[in-house]
Amino acid sequence: MAPLLHRQATAWLFLLSALAGAAAVADPLGCSTLPAGTESPPPPDFTGPLQHVTIGSHRIAYRRVLALVQESGAASAACAGAGTPSPPLVLLLGYGCTMSQWGTRLLRRLAQQRELILVDHPAQGLSEDLEGGASPMTMPVLSELTLGFLKALGLHKPHLAGFSLGGCIALKLAAEHPEAVGKVVTFGANSMDGRAVLGSPEELGALFTPTNDMPQYAPFFFNTSAEAGRLAACRWIADAAAMPEDKPKPEANQRYAAGIIASVDPQNTAIWDALPRITAPVLLMGGLEDVVVPARAQPELAARIPGTRQAPAVVVWRYLRLTAGARAPPSCCLVAAPSAWLALFPAAGHAFFSQLVEPVAATMDVFLQHAGPAAGPGEAGLALEKAAAQVCDGSAAAAATT
Ligand SMILES: *[C@@H]1O[C@H](CO)[C@@H](O)[C@H](O)[C@H]1NC(C)=O
């Protein structure tokens, strides 16, 4: 299995060079003809000013999004802990992404209950490399710089939420620097080493093309063969256009691709081996139609993360068996895995959080407020059970896909 992965990684390099010259089609997703009434994204006026902090030879770009005032009546069972100050939530991006690609729709929803910190990865987007670096962005480099960023901002045990590569950085930090991390949420993460679950090189080659733009990435992030996925991809592109100055850089993409390819060497199991050291509560989320990091990665990661004590056993809403050919259930699922929490979303791909903003954010609300040593079969556990039932209500997921 592992040598196969490395052959896949090597095959990316070939595909990468073969596809780099492919001409872009202006509107391959047909986004110019969105259904009438498709609402425009919220303006980015709440995302705070662009700021910079210097970590070593890196000038890192970030924004602090202050918690928005809770609208009356918005409190639900998921908000039972409302009123107690929550640590900020730092959002860590995936390969080829910048802050603007979270989209103001998702950010506005997540900021309802907590401060958010957005950051462009080193040398990517609006972040700069002060010494004009060209070295691969490896996992150790990225996690050290991320740790430096958390410290430079003086954050005390912030929660981390990371997409794909960013999720792996969050898990690595939780394993190696437990004193620096609160709770961890991952979107479509894997161990980004020799044990990483990844799609096939035929599918992933075009993703690692450094000159990619958003319409070209879209089929990796959404199932654009399905109408709900195509519309979500169009909304994702339109949402990012609300923050137009923050674009991925091809030269940075190249360095990140090189770092990923070096990391998935079968001899390297560093992150996989570190996962059992995690003590933080972890919520692993994924899309069942993810072609970049197939959904089976999530229960595999969960089984490596200890802390049954922290997993609220009362929240067994629906257990999904991820065997080959398993049918997707009609709604989102929140399950108490043997260890970490696991939430898998049907009919959505790698960027399921952008397609299913409400169920994803509601699941995060429940986890961030209730997960932890205190959640057990007592009062907190019951609040959690009620909230999870709401989160997993099929109507919420259905409403979000239309
Ligand atoms: C994408 O959606 C189509 C249409 O619903 C479906 O046939 C296909 O299996 C989906 N792709 C994945 C990877 O699940």
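Rules used throughout
- Residues numbered from 1 in each chain as written.
- Predicted model: local features only at pLDDT ≥ 70, side-chain atom pairs only at ≥ 80, totals over all residues.
- Helix = DSSP H or I, 4+ residues; strand = E, 2+ residues; numbered from the N terminus.
- Buried ≥ 20, exposed ≤ 12 C-beta atoms within 10 Å, placed from the backbone.
- Contact = placed C-beta atoms within 7 Å.
- Near = placed C-beta within 6 Å.
- Nonpolar A, V, L, I, M, F, W, Y, C, P; charged D, E, K, R; others polar.
- Core = buried A, V, L, I, M, F, W, Y, C linked by C-beta atoms within 7 Å.
- Pairing = 2+ DSSP bridges.
- pLDDT = per-residue confidence, 0-100.
- Expected span 1.5 Å × (residues − 1).
- Arc of directions from axis to C-beta.
- Axes fitted to C-alpha atoms, helices over the stretch in contact; angles between N-to-C directions.
- Parallel < 35°, antiparallel > 145°, perpendicular 65-115°, else oblique.
- Left-handed = near helix turned anticlockwise from the far one by under 90°.

A. Molecular detail of the overall build of the protein. When helices and strands are counted, the protein shows 14 helices and ten strands. Counting all 402 residues of the protein, 52% fall into the buried class. Long-range pairs, those at least 24 residues apart, make up 79% of the contacts in the protein with a sequence separation of at least 6.

B. View of the site of the ligand. All residues in the neighbourhood of the ligand are listed as Asn 223, Ser 225, Ala 226, Glu 289 and Val 291. Across the shell around the ligand, the residue classes break down as two nonpolar, two polar and one charged.

C. Summary view of the nonpolar core. Counting residues in hydrophobic clusters, the biggest one holds 108 residues, and the most contacted among them are Leu 171, Ala 174, Val 282, Leu 283 and Leu 284. In this view, Leu 171 contacts Val 184, Thr 186, Ala 189, Ile 271, Leu 275 and Ile 278; residues no more than four positions away in its chain are not counted.

D. Geometry of the pairing of strand E1 (residues 51-55). Of the strand pairs in this sheet, E1 and strand E2 (residues 58-65) are connected by five bridges, and their pairing is antiparallel. Note on E2: the bridge partner recorded for Thr 54 is Arg 59. The turn joining E1 and E2, which pair antiparallel and follow one another in sequence, is formed by two residues; a positive phi near 60° is taken by Gly 56.

E. Representation of the pairing of E2 in the model. The buried count for E2 comes to six of eight residues, which makes it a mostly enclosed element. When E2 meets strand E4 (residues 116-119), the two strands line up antiparallel, connected through four bridges. Residue pairing in the sheet places Tyr 62 in a bridge with Val 119 of E4.

F. Focus on the confidence of the model for the protein. Summarising the model, the protein shows a mean pLDDT of 79, and 74% of its residues fall at 70 or more. The model gives residues 10-23 a pLDDT under 50, and that stretch makes 20 contacts with residues more than four places away or in other chains. Counting contacts from residues 308-331, a segment whose pLDDT is below 50, to residues more than four positions away or on other chains yields 58 contacts.

G. Examining the environment of Leu 150 more closely. With respect to the helices, strands and loops of the structure, Leu 150 is situated in helix H3 (residues 139-152). The sequence separation of Leu 150 and Ala 180 amounts to 30 residues, and the corresponding C-alpha distance is 7.9 Å. Beyond its immediate sequence surroundings of up to four residues, Leu 150 is in contact with Val 90, Leu 155, Pro 158 and Ala 180.

H. Broad picture of H3. Spanning 14 residues, H3 covers 20 Å between terminal C-alpha atoms, matching the ideal 20 Å at 1.5 Å per step. Burial in H3 covers these residues: Met 139, Leu 142, Ser 143, Leu 145, Thr 146, Phe 149 and Leu 150. Each buried residue of H3 lies within a common arc of 165° when the element is viewed along its axis, so the set occupies one face. A positive phi of about 65° marks Gly 154, the residue just after H3.

I. Quick peek at unusual backbone geometry. A positive phi angle, close to 45°, is found at Lys 157, a residue other than glycine. Relative to the helices and strands, Lys 157 is located in the loop between H3 and strand E6 (159-163). With phi around 45°, Met 192 is a residue other than glycine that occupies positive phi space. Tracing the chain through its elements places Met 192 in the loop between strand E7 (184-187) and helix H5 (201-204). Residue classification places Met 192 among the buried positions, given that 28 C-beta atoms sit within 10 Å.

J. The arrangement of helix H12 (residues 357-370) in detail. Between the first and last C-alpha of H12 there are 20 Å, a value that for 14 residues agrees with the 20 Å anticipated at 1.5 Å per step. Of all 14 residues in H12, 13 are buried, a share of seventy percent or more.

K. Molecular detail of the environment of Leu 231. Looking at the element boundaries, Leu 231 is found in helix H7 (residues 227-240). For Leu 231, a count of 21 C-beta atoms within 10 Å corresponds to the buried category. Leu 231 sits 193 residues away from Thr 38 along the chain, and the two C-alpha atoms are 9.3 Å apart.

L. Looking closely at the packing of helix H6 (residues 214-221) against H7. It is the contact of H6 with H7, at a shortest axis distance of 10 Å, that shows an interaxial angle of 135°. Looking at the two axes, H6 sits oblique to H7. The way H6 lies across H7 gives a crossing that is right-handed. Residue-level inspection shows Met 214, Pro 215, Ala 218 and Phe 221 of H6 in contact with H7, the latter providing Ala 233, Trp 236, Ile 237 and Ala 240.

M. Up close: the packing of H3 against helix H4 (residues 165-176). Relative to each other, H3 and H4 sit at 75°, their axes nearing to 10 Å. When the axis of H3 is compared with that of H4, the two are roughly perpendicular. From H3, Met 139, Leu 142, Ser 143, Thr 146 and Leu 147 reach across to H4, where they touch Cys 168, Ile 169, Lys 172 and Leu 173.

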